[in-house]
Amino acid sequence: MTFYLSGFRNFPKLWKSNPYFELGPAASSASFFLTVHCVTGNQQRWFSVKPTTPPNSKTLNLLVAKARTHKKRNDSNKQVSSDPHYFAAGAAKKRSHLGGNPQNQDHALPVRSTVQLPTKPLNSEEWDKLKEDFKGKVSFEDFVISQMARSCSSVDVAKSLLAWVAAKHHGIVGYNLLVKYLYLCVFHKQTSEVIDVYEIMKAKYKSLESGAYTLLIRGLIHSDRWREALLLLEDIKKVMDPSKKNYGDCIQGALLHQDVDVAWSLYQELLGRNLVPLLETLKAFFDYGKGINDDHYSNKLLDVLLYLRNNQLYPGESFAHSIKTWFESIPGRQWKGQFTTIQKSGQCSSCGRTIESIQLSPEEYEFLKEKIMRDVIDGGDQYKKTTPQELKRFESFVNTCPPFDIVIDGLNVAKMFPKGRESQNLLGVVSQLAQQNLQLLVLGRKHMLRPSSQWKKDEMEQVQKQAHCFFTDNISEDDPFLLYATLNSGNHCKFITKDLLRDHKACLPDARTQRLFFKWQQGHQLAIMKGFQKSKLTFQHILSYDTVVQTTGDSWHIPYDEDLVQRSSCEVPTKWLCLQRKTQAPC
Ligand SMILES: [Zn+2]
């Protein structure tokens, strides 16, 4: 039995049509697979909120007991049977159109503002009263639990809601309510409560949806039953790919319980699935390694640093501190770390060493050029949106032109300034570059030549006077043309696009080529500064040195992101961690 639900709007449907969760021994063993996207979709945001002090909690058993004592009440049964219709999607609107219900006409304010979330647990009568005052169009219970999850209400308050719901519905609590309750338990790190919900879910459902699995894993890793989180990870694998967060949680759980082998093997598995690990996961390995005298473990951490290098990743500020602390803690190695900056000349302000140059050596350039050109010409899968005929046409076109100085992704540049007309934006950039006597190539699509409100004929004619232009079919991808033209023109040639060419990078055959490609991209991609007014075009300064994790064996230089600095995707960090190994003093 499979249900697919796509958002909050569907909760009433979930409420009505999905199997209820029954609190009690009469649980059926039917298996359900539910997809509640809203839970998964919101988790990232929810988890990023700083937890408040956890309140004391009682066990779910209390909830069950409460539920049983109230379950025979008749008046509540009546309420159940009439509720789904009243709260069914669209029903309230229909009622107000008929004009029969004055209640609906009195409320000009959005109905969502009508429930003041309680700050302490309520009893049954108090919940009844709150529900009476509720004028929303959705199920009261679902609405309240969603609001509670959003505002991270205390577990006790949420539990009083569930107890009340269970009392009204013969001990039945909907899946949605239970998952959101679980979310609150995990958020407040109420581990024993998490385990109770886990037991209930395990008894009731053969498999869960990813949101519940993710929550259970995150909740269980702190308990001594953390190994069961690994079993849940296995369960996820049966139906979908676990997320990097799932792996990250299991790894943290393993490290928390000193099982280093499990942690590293999960890490390998994560990389094997081509997932990019969360930085916090990598940081956990460094934190764990502090003070450990184990070459095997140390070498793995150095591999992590090389992974950062090869994938052009930068640690955050606290991760950089963890790296520094780890290096300085290695017994007998005498590492010393300094937070520093790099001078324009490319020298480290702390140790004076020269940082790796951004320029590719002639050999590296030829190597990269050959790999990419062959890629483009051979046309692997990644270029299926471009026909071989069109590439041939482009190849001969390029060969009739002198080498270019700048290759411009026309469509990308045209859309860079949302205020202006697209052809006007493009002409603005092209004119300013042409004034500097540069050989320009503008790559565009055929539709740009059809006059429209965005594309003025005379402006496009002026573009064509000042730059070589090549217009591809409207369905073509620009990347291959851009790469081909730029690389073919030589090492001096730069290109302008906002695009980061990530898809292309993913298609490169090996880590070395990818790394060279990144480096070439950093040294050759021109980024137009934001706030550009048509009068003056400024590019972001291309650095002379390569901002990447690097080592000489007895030194490491690690760029990192500061917590309070928002870096855009086309910028690189400016802060560095400089690590030096002190030379052994002569005996
Ligand atoms: Zn240095």
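Bear in mind that the values here come from a model prediction, so they are computed numbers and not experimental data.

Here is what the cut-offs are and how they apply
- Residues numbered from 1 in each chain as written.
- Predicted model: local features only at pLDDT ≥ 70, side-chain atom pairs only at ≥ 80, totals over all residues.
- Heavy atoms only, no water.
- Helix = DSSP H or I, 4+ residues; strand = E, 2+ residues; numbered from the N terminus.
- Buried < 20%, exposed > 50% of the residue type's maximum accessible area, 1.4 Å probe, protein only.
- Contact = heavy atoms within 4.5 Å.
- Areas by Shrake-Rupley, 256 points an atom, 1.4 Å probe, with all protein chains shown as cover.
- Donors = N, O, S within 2.8 Å, 3.2 Å for Na, K, Ca; no water.
- Tetrahedral: all angles 85-135°; square planar, octahedral: opposite > 155°, others 65-115°.
- Pairing = 2+ DSSP bridges.
- Axes fitted to C-alpha atoms, helices over the stretch in contact; angles between N-to-C directions.
- Phe/Tyr/Trp six-rings, centres within 6.5 Å; stacked < 30°, edge-to-face > 60°.
- Lys NZ or Arg CZ within 6 Å of the ring centre and 35° of its normal.
- Arc of directions from axis to C-beta.
- Polar contact = N/O pair within 3.5 Å; in protein donor to acceptor, adjacent residues only side chain to side chain.
- pLDDT = per-residue confidence, 0-100.
- Disulfide = S-S within 2.5 Å.

Here we look at the overall build of the chain
Along its length, the chain carries 26 helices and 13 strands. Put simply, the chain has 587 residues, and 50% of those count as buried. Of all intrachain contacts in the chain linking residues separated by at least 6 positions in sequence, the fraction that spans at least 24 positions is 74%. Split by element, the accessible area of the chain, about 28600 Å² in all, is 52% carbon and sulfur.

A short note on the coordination of the zinc ion
At the metal site, the zinc ion is ligated by Cys348 (SG), Cys351 (SG), His557 (NE2) and Cys578 (SG), and these contacts range over 2.1 to 2.3 Å. Given four donor atoms and angles of 104 to 115° at the metal, the environment of the zinc ion is assigned as tetrahedral. When the donor residues of the zinc ion are listed from N- to C-terminus, their spacing reads C-x2-C-x205-H-x20-C. On the criterion of sequence distance, the pair formed by cysteine 348 in the loop between strand E5 (335-341) and helix H19 (362-378) and cysteine 578 in strand E13 (residues 575-581) is long-range, its members being 230 residues apart. For the pair formed by cysteine 348 and cysteine 578, the shared burial category is buried.

Considerations on the sheet that holds strand E12 (residues 555-560)
In spatial order, the strands read E5-E13-E12-E11; together these four strands make up an open sheet with antiparallel pairing. Here the strands that pair on one side only, and so sit at the sheet edges, are E5 and strand E11 (550-551). Sheet strands in contact with helix H18 (residues 317-329) are E5, E12 and E13, and its direction is about 150° off that of E5.

Structural notes on the packing of aromatic side chains
Here the structure, examined in full by the defined rule, presents 27 aromatic pairs. Measuring from ring centre to ring centre gives 5.1 Å for tyrosine 175 and tyrosine 205, while their planes differ by 85°; the resulting arrangement is edge-to-face. Taken as a pair, tyrosine 175 in helix H10 (residues 175-187) and tyrosine 205 in the loop between helix H11 (191-204) and helix H12 (210-220) lie far apart in primary sequence, 30 residues in all. Like tyrosine 175, the residue tyrosine 205 is buried in the burial classification. Members of the aromatic cluster, connected to one another through ring pairs, are Phe286, Phe319, Trp326, Phe327, Trp335 and Trp556. One residue, arginine 512, lies across the ring of phenylalanine 367, its end atom 4.2 Å from the ring centre.

What to know about the environment of aspartate 478
Residue position: aspartate 478 is located in the loop between strand E8 (468-472) and helix H24 (479-489). Taking the C-alpha atoms as reference points, aspartate 478 and aspartate 409, 69 residues apart in sequence, are found 7.3 Å from one another. Excluding residues that lie within four positions of it along the chain, aspartate 478 makes contacts with Asp409, Arg445 and Thr472.

Regarding helix H7 (residues 124-133)
Along H7, the residues that are buried comprise Ser124, Trp127, Asp128, Leu130 and Lys131. Burial along H7 is one-sided: seen end-on, the buried residues are contained in an arc of 165°. Put simply, asparagine 123 is the residue that caps the front of H7, since its side-chain oxygen is 3.2 Å from the backbone nitrogen of glutamate 125.

Quick look at the confidence of the model for the chain
Averaged over the chain, the pLDDT score is 78; the fraction of residues at 70 or greater is 75%. Note on residues 1-112: pLDDT is under 50 here. Beyond four places in sequence and across chains, it has 194 contacts.

Digging into the state of the cysteines
Throughout the structure, instances matching the rule amount to zero disulfides. Left unpaired, cysteine 469 is separated from the closest cysteine sulfur, that of cysteine 401, by 9.9 Å. For cysteine 469, a relative accessible area of 16% translates into the label buried.

Overview of the pairing of E12
Counted residue by residue, E12 has six buried out of six residues, so it is predominantly covered. Taking every second residue as pointing to the same face, both faces of E12 are buried, with Ser555, His557 and Pro559 on one and Trp556, Ile558 and Tyr560 on the other. The sheet contact formed by E11 and E12 spans two bridges and is antiparallel. In the strand pairing of E12, glutamine 550 is matched with histidine 557. Hairpin connection from E11 to E12: three residues lie between these consecutive antiparallel strands, with glycine 553 at a positive phi of about 100°.

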